[in-house]
Amino acid sequence: MKKLFGSRNARVLKRMQPLVDRINGHFASYSSLSDVELQAKTQEFRERLQKGETLDDILCEAYAVVKDACRRLLGTKVEVTGHVLSWDMVPFDVQLVGAIALHQNNIAEMATGEGKTLVAVMPLYLNALSGRNVQLVTVNDYLARRDSDWMGHVLKWLGLTVGCIQNEMTPAQRREQYACDVTYGTNSEFGFDYLRDMGMAMSRDEMVQRDHFYAIVDEIDSILIDEARTPLIIAGPAKVSTHMFDKLKPSVSTLFRQQSKLLNDLMSEARDILAKEDASPEEKDHAYLLLAKVQLGMPKHKQLMRLMEEPAIRKALDKKDAEMHSDNNRGFLQEVKETLYFSIDEKGQEAELSEKGRQFLRPGETDAFVIPDLPTIFSDIDSDNSLDDNAKLEKRKQAQAEYDNKAEIIHNISQLLRAFCLFEKDVQYVVQDNKVIIVDEFTGRPQPGRRFSEGLHQALEAKEDVQIERETQTLASITIQNYFRMYDKLAGMTGTAETEANEFKAIYNLDVVVVPTNRPCMRKDSDDRIYKTQREKYKAIIEEIADCNKRGQPVLVGTISVEVSELLSRMLQRRNIVHNVLNAKHHESEAEIVARAGQLSAVTIATNMAGRGTDIKLGAGVKEAGGLHVIGSERHDSRRIDRQLRGRCARQGDPGSSRFYISLEDNLMRLFGSDRVASIMEKMGLQEGEELSHSLLNRSIEGAQRRVEQQHFAIRKRTLEYDDVMNKQRVTIYGLRKSILLADDPRELLMDFIYTAISEKIDEAYAVRIKNEAVDFSVVREWLARTFPIGFGADLFDSSRGQESIAKGIMARIEDAYAIKVRMENPDALHWLERYIMLSAMDGVYQEHLYAMDALRQGVQLRSYGQRDPLVEYKQEAYEMFSRLMDTVKDDICANVFRLSTIAIGPAKPKPQTDIQEVHEGFNPFEGAGSGGATETAEPQRAAITVRRAQPKVGRNDPCPCGSGKKYKACCGR
Ligand SMILES: Nc1ncnc2c1ncn2[C@@H]1O[C@H](COP(=O)(O)OP(=O)(O)OP(=O)(O)O)[C@@H](O)[C@H]1O
């Protein structure tokens, strides 16, 4: 396969060579031009494109112009994120190859440090000549700023405008940046701007983006693979707040302490048995069962972890654990779980309350956690003849309220348990300024404004005793995949695409072109060093830092969590080693820390924040000391993240080295495959502080990483399959919204909507006609009378005239009446009002629809138990719900045409958006894993929230099933 791939790549590269030669030919000929003449090329190209030449026709000349501009700028000063740099780059031939690949919609895989930032400038320049907005997508705001400052130097010299979107910018500032030829920014900013433009703007002036023409995604694997696991969501506060986290927290935290006490007792009993020299095999087996219980109740129990440093104990325990989780032992596992207050499935990220736990929380209340079966209760009430209609209605309401209350309690408890048992401060989140802030697992950056979904964030707020924010409701959402599929042209760059090449092809139709390096890479990657415990591992890391430091070699230590970066920092302080820390808590001086990291004797501890895109320049004398040395303090779940960290050194042919440190206590090793490594270590009889290091072991560690990667791929694919359903609907709604926003005369659209609604109603009347009998127009006439303040004479409804003629007759009456209304309105605001009538009808209904779709998505998961494919069910129901939605939109528009007036509500001011949140949920590495029979607690509580949806569906305009006589949407469906 490799050979095949290699030969394909070689062919692609060979095809590009003549283009490279032509670029260099033009480049040589331009040297005779004056600066002004070279700069005039930009205008010349634009004109040639207007006259019909294509971007491909002018590619070689345009790239040569960029190359020559770079040459002419050599030695000039440019301010980049506050630091003055001297321009010192003219693209190498391999960079020209990368630039061609990018224009041709490929992913250019170029090794770390090969200068991708510069490569992108050429296709950006070329494509921007078309007059459309081209975008460069980076992984964080800092890189967007850095690259737009740095590369803007060349682009601006050539007469282009360059913009950069930053998180704190106002809509007006954003509009200005998008108006530029080239715009730099992060994927979330681009995605959220799109959602706000398409889903929330009420007039053309509120929109900020102008185009989705061509985007180059830098670090494409990070954005389209890692970030793509969770969608971008804009959320507003929920209409009502029902949570009880604050009330429930004390009892859950007592439960947590109670469980700790119980496990400590089990732990000491097990230890006593194992300490006995003459313990029988049965006794030992019992001890391991006790330990397995401790593991089930608290996988990171400190004493247990300490005990497991002993390979023999670890092995026996792993065996016991596997035995308990085998299919044959399900009943036994359940029994064991019932001896604890709750059990934890770390891979599946779920916490399951046992009967014992339920009793502890609600002593004596046997059915406190039993969700009422609403459909049965409703049907019992209905068939109870002793009740009159009012009493039935009252009973139904009571049952519904009891159901809602219980479902909420169960959901809240479950989320609190997850918050207590599975989420650690300074690992998945930090607490700052009285807020819980997610730390992005892949980039190590704090994500203010992002929230965990489904109440988990509030549960964490309760756990940390900070202000509990109100629940949110989705107002607009899109997956990263579907956002980027919208572009006419897409391209990407990264140092690490290869592991995900298939996914890029399948989802984005992007091929990977592997570009050779300019100079051979000099990096020395040593084998991993493996220790039994984290303690020994950290000690060894400190020794290695001290050793480099003595020799003057700068060191960059990458950590996965803030917690570990701080621990290493404390250890270094004790050794009096001067160092800098870069993590989610200390990131204000990021640019300075990075600038200093390559100086002699520098020691920098950084989370993944410095793992990607960061360019560390080497100081004087550092090459002689061996270049930058990179130490990884743990393997990440994803191999690409590790490779990116290594790639911080040995850039552009410089010397450099790297080494990873691992312990059997690391999450990756604990959860995904320490068995093999543990048994090798046991065979070798390792002593405290001793390490193991062999290339074979690297392979089994990569095997563990591969397993996690596969699991993540499955999650992404699933997210996308579900979003594809939503996407079709989103495209329809946003397409309509866009045509309303951009229409010069919205009245035409308004009348179209009304006409369609009327035609459909008439068609329905004809459809139910009994053969040869007259059409019954009573339903249509009732609707017309309710909706329009106009009399419609009986003569309009003569079925012999045919459907179309009747609809047109009705429409003519409406148009006449509307013409009179127009004369009374404020002419300046009328177009605004017409847009408002359509947009507000769509937005209100669409947001309710999104809410219902969320619930549906969770609800259908349960059906997999009934051998039904949840995705198929989801598609079917989503389709039906969407058809109903479109009917409601039309009805609401019709109802408001005469009801709303410019005089009453006047033209809109832009809506204040202070209460809007952008949510790009935090990731957790093992989410979705292991979802099988072991997640029972979580599932019923989810079901609880969604059972309502499992009742027969009720249309919004149907009579309400509660019997009130009102429409469903005006009663229980409100
Ligand atoms: N043509 C060139 N001539 C001289 N130096 C160059 C050239 N191209 C890039 N460089 C230098 O190479 C270094 C790496 O560049 P850059 O940060 O763009 O790499 P990268 O490919 O984006 O790396 P990463 O994959 O780590 O993000 C920078 O210091 C840059 O100045």
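About the criteria used
- Residues numbered from 1 in each chain as written.
- Predicted model: local features only at pLDDT ≥ 70, side-chain atom pairs only at ≥ 80, totals over all residues.
- Heavy atoms only, no water.
- UniProt positions renumbered as here; feature names shortened; annotations may be inferred.
- Helix = DSSP H or I, 4+ residues; strand = E, 2+ residues; numbered from the N terminus.
- Buried < 20%, exposed > 50% of the residue type's maximum accessible area, 1.4 Å probe, protein only.
- Contact = heavy atoms within 4.5 Å.
- Areas by Shrake-Rupley, 256 points an atom, 1.4 Å probe, with all protein chains shown as cover.
- Near = heavy atom within 4 Å.
- Polar contact = N/O pair within 3.5 Å; in protein donor to acceptor, adjacent residues only side chain to side chain.
- Nonpolar A, V, L, I, M, F, W, Y, C, P; charged D, E, K, R; others polar.
- Pairing = 2+ DSSP bridges.
- Axes fitted to C-alpha atoms, helices over the stretch in contact; angles between N-to-C directions.
- Parallel < 35°, antiparallel > 145°, perpendicular 65-115°, else oblique.
- Left-handed = near helix turned anticlockwise from the far one by under 90°.
- Core = buried A, V, L, I, M, F, W, Y, C linked by side-chain atoms within 4.5 Å.

With an unreviewed UniProt entry as reference, the protein chain is termed Protein translocase subunit SecA, source organism Oligosphaera ethanolica. Under the UniProt heading Cofactor (unreviewed entry), the note attached to the protein chain is "Zn(2+)". We quote the UniProt Sequence similarities (unreviewed entry) comment for the protein chain here in full: "Belongs to the SecA family."

K.L.:
Lay out the overall build of the protein chain with the relevant residues and their values.
P.N.:
Counting secondary structure elements, the protein chain contains 34 helices and 24 strands. When each of the 974 residues of the protein chain is scored for burial, the buried share is 56%. Sequence-distant contacts, at least 24 apart, represent 76% of the contacts inside the protein chain between residues at least 6 apart. A total of about 42200 Å² of accessible surface is found on the protein chain, and carbon and sulfur atoms cover 51% of it.

K.L.:
Describe the site of the ligand, with residues and values.
P.N.:
Around the ligand, the structure places 21 residues, and the nearest of them are Thr-117, Asp-615, Lys-617, Arg-648 and Arg-651. In this structure, an oxygen atom belonging to the ligand sits 2.9 Å away from a main-chain N or O atom of Gly-113. Gln-652 has a polar side-chain atom sitting 3.3 Å from an oxygen atom of the ligand. The fraction of the free accessible surface of the ligand (640 Å²) that becomes covered by protein chains is 92%. When residues in the shell around the ligand are grouped by element, the largest group, three residues, is from helix 5 (residues 116–128). Each residue belonging to the shell around the ligand can be placed in one class, and the counts come to six nonpolar, seven polar and eight charged.

K.L.:
Give me the lowdown on the sheet that holds strand 13 (residues 446–447), citing residues and values where you can.
P.N.:
Strands sit in the order 11-12-13 across an open sheet of three strands; the sheet is antiparallel. Here the strands that pair on one side only, and so sit at the sheet edges, are strand 11 (429–432) and strand 13. Examined bridge by bridge, strand 12 (residues 435–439) and strand 13 share two bridges and lie antiparallel to one another. Across the sheet, Val-439 pairs through a bridge with Pro-446, a residue of strand 13. The strands touched by helix 18 (residues 456–463) within the sheet are strand 11 and strand 12, with strand 12 carrying the most contacts at an inclination of about 125 degrees.

K.L.:
Any details on the packing of helix 2 (residues 35–50) against helix 3 (residues 55–73)? Residues and values, ideally.
P.N.:
Where helix 2 meets helix 3, the closest approach of the two axes is 11 Å, and the angle between their N-to-C directions is 160 degrees. In terms of axis orientation, helix 2 runs roughly antiparallel to helix 3. Crossing hand, helix 2 versus helix 3: left-handed. Of the residues in helix 3, those in contact with Asp-35, Leu-38, Lys-41, Phe-45, Arg-48 and Leu-49 of helix 2 are Leu-55, Ile-58, Glu-61, Ala-62, Val-65, Asp-68, Ala-69 and Arg-72. Its residues placed into classes, the contact of helix 2 with helix 3 shows eight nonpolar, no polar and six charged.

K.L.:
Provide a residue-level description of helix 24 (residues 639–646), including the pertinent values.
P.N.:
Side chains that are three or four residues apart share a direction in an α-helix, a result of its 3.6 residues per turn. The element helix 24 is largely enclosed, with a buried count of seven among its eight residues. All of the buried residues in helix 24 are Arg-639, Arg-640, Ile-641, Asp-642, Gln-644, Leu-645 and Arg-646.

K.L.:
Account for the nonpolar core, with residues named and values stated.
P.N.:
Grouped together as the largest cluster of nonpolar side chains are 102 residues, with contacts concentrated most on Phe-484, Ile-754, Phe-788 and Ile-810. A total of 14 residues in this core trace back to one element, the largest contributor, which is helix 31 (residues 827–861). Excluding its chain neighbours within four sequence positions, the residues that come into contact with Ile-810 are Ile-758, Ile-762, Leu-784, Phe-792, Leu-796 and Phe-797. Val-65, Leu-102, Ala-128 and Leu-160 belong to the second largest nonpolar core, which has 66 residues in total.

K.L.:
Tell me what's going on with the sheet that holds strand 6 (residues 182–186), and back it up with residues and numbers.
P.N.:
Spatially, seven strands are ordered 5-6-4-7-15-3-16 in an open sheet, and the strand pairing comes out parallel. Where the open sheet ends on each side, the last strands, each with one partner, are strand 5 (162–164) and strand 16 (511–514). Each strand axis lies, on average, 20 degrees off the axis of its neighbour in the sheet, ignoring direction. Lying on the sheet, helix 4 (residues 93–103) is in contact with strand 3 (106–109), strand 7 (214–218), strand 15 (489–494) and strand 16; it crosses strand 3 at an angle near 155 degrees. Seen against the sheet, helix 5 touches strand 4 (134–138), strand 6, strand 7 and strand 15 and runs at an angle of roughly 160 degrees to strand 4.

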